[in-house]
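The lines below spell out each chain.
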Amino acid sequence: MRDSDPEGCYTMTDRNSLLKKVPVLLYHHIQPGGFNTVSPELFEKHMNYLKKEGYVGVTFRQILFDSNLPDKPVVITFDDGYEAIYRYALPILEKAGFMAVVFMLAGYIGKKNSWDLSLEPRSVRHLNWEELINLNRKGWEIASHAMSHKPLTVMTPEKIQWEIEMSGNLLEEFLNVKTTGFAYPFGRYNIAVKNAVKRAGYHYACGALKRHQLPESEFQLVRIPVYRFDSVHSIRRKLFYPEIPRLEYLKLKLISGLSRLTPLYQKLKVES
C-alpha cells in the first residue's frame, strides 16, 4: 500500500487519542424488511436525533487529517458494503449533512452475498465500483473489510497478509485514495492479525465490542452495533460508550454472537 498520507500530515498523537474516544455506530443493512436490517425510516430517525443533539457525522480520515473538526463528531459506519447503503442511507445522510464510512468487502464488489449465512429473505448485492467511486467523490471514506469475510485468526500468516493487503490495494487502485482503515471480519483479531494490519500501512482498525474500556490502541477501535429494534433512546444509550448500560451491552453481545454461525456455514459450504 502507498505510504503517502491522503490529505497531508498532522501531529498524530492527539489525533489517535481522539480516534479512540469518538462514538462510532455500526450498521449493516439499511433496507425495508429483513432480520439484520435497520429500516430507512428508523435510520432517518436515528440521524435526525444525532443532528438535533449537535452531532456531526464524520469519517475516520477526517479525524486523522482534517484540521476543522466539529465539536461533537460521531462516525457512522457500514460493514460489508451492501448496495442498499447507496439506495437508502446515502440520501438520508446527505440531508443531514453527514459523511460516513463503508468497510468494503473487497472480494465481493458488485457481487451477491454468497459468503454470508444470511437470515434475509433474499440474497443482496454489494456496492459496485461506480457506486463506490461516487461515494468517495462525495467525501465518504471507503475502508477495507478484507477480501473474503472469513475469520483472519484461523488463517496462515501468508493468507492473513494477502487478505489485508490485497483488499486495501484493490480499493486504492480504483478509488485513487489511500485506504487508511480496516475492520476485522467478525471483529476477531489477535496479535498476528493486528501486526499484519500495521505492516500493510493502515492507520487504524476496528474490532469487537467492549464495555468500560476505551481502546488500547488505534488498531483496536470499538464500534457500537445498531439493530432494527433500536429506538432513538437506544442510540442515546449507545453514545455513552464506554459506559454502556449493562442491559444494552448484554443485548448487543447476544445478538452479535449470532455472527459466529457464519464461519461455520462457510466451512460446511467448502466441505460439501
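A few points on the structure. (Residues numbered from 1 in each chain as written. Predicted model: local features only at pLDDT ≥ 70, side-chain atom pairs only at ≥ 80, totals over all residues. Heavy atoms only, no water.)

## Quick look at the overall build of the protein
For the protein, the helix and strand inventory stands at ten helices and ten strands. For the protein, with 272 residues in total, the buried portion stands at 52%. Taking all contacts inside the protein whose residues are at least 6 apart in sequence as the whole, residues at least 24 apart take part in 70%. (Helix = DSSP H or I, 4+ residues; strand = E, 2+ residues; numbered from the N terminus. Buried < 20%, exposed > 50% of the residue type's maximum accessible area, 1.4 Å probe, protein only. Contact = heavy atoms within 4.5 Å.)

## Focus on the pairing of strand β6 (residues 101–104)
The alternating pattern of β6 places Val101 and Phe103 on one face and Val102 and Met104 on the opposite face, and all of these are buried. For strand β5 (residues 73–80) and β6, the ladder comprises four bridges, and the chain directions are parallel. For Asp80, the partnering residue across the bridge sits in β6 and is Met104. Crossover β5 to β6 through helix α4 (residues 83–96) is right-handed. Here β6 pairs with strand β7 (residues 141–144) via four bridges, running parallel. The residue bridging Phe103 from the neighbouring strand is Ala143, located in β7. (Pairing = 2+ DSSP bridges. Right-handed = clockwise from strand over helix to strand, strands pointing away.)

## Quick look at the pattern of salt bridges
Side chains that differ in sign of charge can pair as their charged atoms come close. Tallying each qualifying case throughout the model produces seven salt bridges. As a salt-bridge pair, Glu94 and Lys138 come within 3.0 Å of each other at their nearest N and O atoms. Placement of Glu94 in helix α4 and of Lys138 in the loop between α5 (129–137) and β7 is noted, with a sequence separation of 44 residues between them. Residue Glu94 is classed as partly exposed on the basis of its relative accessible area, which comes to 43%. The exposure class of Lys138 is partly exposed, given its relative accessible area of 35%. The residue Lys159 makes a salt bridge to Glu163 at a minimum N-O spacing of 3.8 Å. Here Lys159 pairs with Glu163, and both are found in helix α6 (residues 157–175), just four residues apart, close to one helical turn. On the basis of relative accessibility, which here comes to 35%, the residue Lys159 falls in the partly exposed class. Judged by relative accessible area, Glu163 falls into the buried class, the value being 0%. (Salt bridge = Lys/Arg side-chain N within 4 Å of Asp/Glu carboxyl O.)

Geometry only, nothing functional implied.
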